[in-house]
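Each chain, written out:
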Amino acid sequence: MASAFLVNMERVRAIREICRSDAALEQSFQKVRKDARKLSNPVSVDLTSRCNLFCEGCYYYEGDAQEMTDEEDISRWRAFFAAEAKENVQFVYVGGAEAALFPDRIRAAADKIPNGIIAANGTVKIAKDIPFRIAVSVWGNPEDTAKLRGGGTFWKALRNYANDPRAHFVYTINSQNMGQIREVARIMKGEGAQMTFNMYSPTES
Ligand code: SF4
């Protein structure tokens, strides 16, 4: 049986063949390959166990992650990211609970690692000079967001990030909010925000 590696190589070869036949596709393919290098050797780091919201269905509060204590010493965060950079880490996935509450920890990461993305609820502004992408979570239309995440969070996130070129709004699809996708997409478009999607896996509770 062919190994997964060989199957992947075959797929890459097939894609290369298709792209070679079209100049525009070839250009896009080369750009994707170049950009993919930024993702090499990634690391995923939760910067804090604290959050300013308490959303219904939050993964973070589902398990025992909230029992963890934060590393408060910023010099240790700086040393940590410096060590990761020495290991040639090129990309960092920054999570929380809500990492945006700790701008000094985000800066410690950005000072050492060139590329990254910060998962955020959008209610806290991240300094403009942090070069990472920002994935702002969206759970549904304004009314459902108010019920699940707290009043005003939907519009606050848009005020903070709709026109921020680093940000894209990630609509987490579940069985209850599928019917709101068009409505939310229209709002996002109207506000000039970028939008993408992921899937929600229900927590046990
Ligand atoms: S913003 Fe994120 S981490 Fe905070 S409570 Fe909501 S889902 Fe959980």
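The text that follows walks through the structure, step by step, so that each part is easy to find. (Residues numbered from 1 in each chain as written. Predicted model: local features only at pLDDT ≥ 70, side-chain atom pairs only at ≥ 80, totals over all residues. Heavy atoms only, no water.)

1. Details of the pairing of strand β2 (residues 91-95)
Alright, step 1. With four of five residues buried, β2 is to be regarded as a mostly interior element.
Alright, step 2. Two strands pair when backbone bridges link them, and strand β1 (residues 42-46) and β2 are joined in this way by five bridges, in the parallel orientation. Counterpart to S44 in the pairing with β2 is Y93.
Alright, step 3. Summarising the sheet, β2 and strand β3 (residues 115-120) pair through four bridges and their orientation is parallel. When the bridges of β3 are listed, V94 appears paired with I118. (Buried < 20%, exposed > 50% of the residue type's maximum accessible area, 1.4 Å probe, protein only. Helix = DSSP H or I, 4+ residues; strand = E, 2+ residues; numbered from the N terminus. Pairing = 2+ DSSP bridges.)

2. Things to note about the packing of aromatic side chains
Alright, step 1. Under the defined criterion, the tally for this structure stands at six aromatic pairs.
Alright, step 2. Look at W77 and F81: their rings are 6.1 Å apart centre to centre, the planes differ by 20°, and that puts the pair in the stacked class. With W77 and F81 both in helix α4 (residues 74-86) and four residues apart, this pair spans about one turn of that helix. Each member of the pair, W77 together with F81, is buried.
Alright, step 3. Consider the rings of Y171 and F197, whose centres lie 5.9 Å apart with planes at 55°: the pair is tilted. (Phe/Tyr/Trp six-rings, centres within 6.5 Å; stacked < 30°, edge-to-face > 60°.)

3. A short note on the sheet that holds strand β6 (residues 195-199)
Alright, step 1. With respect to topology, six strands assemble into an open sheet ordered β1-β2-β3-β4-β5-β6, the strand pairing being parallel. In this open sheet, the two strands that pair with only one neighbour each are β1 and β6. Adjacent strand axes in the sheet meet at a mean angle of 25° when their direction is disregarded.
Alright, step 2. Across five bridges, the pairing between strand β5 (residues 167-173) and β6 is parallel. Bridging across to β6, Y171 finds its partner in F197. (Axes fitted to C-alpha atoms, helices over the stretch in contact; angles between N-to-C directions.)

4. Considering the pattern of salt bridges
Alright, step 1. Enumeration according to the criterion identifies twelve salt bridges in this entry.
Alright, step 2. A salt bridge links D70 to R105, with the shortest nitrogen-to-oxygen separation between them at 2.8 Å. Pair noted here: D70 is in the loop between α3 (59-62) and α4 and R105 is in helix α5 (residues 103-112), with a separation of 35 residues, a long-range link. R105 carries the same exposure label as D70, and that label is buried.
Alright, step 3. For the salt bridge of K147 with D144, the shortest nitrogen-to-oxygen distance reads 3.3 Å. (Salt bridge = Lys/Arg side-chain N within 4 Å of Asp/Glu carboxyl O.)

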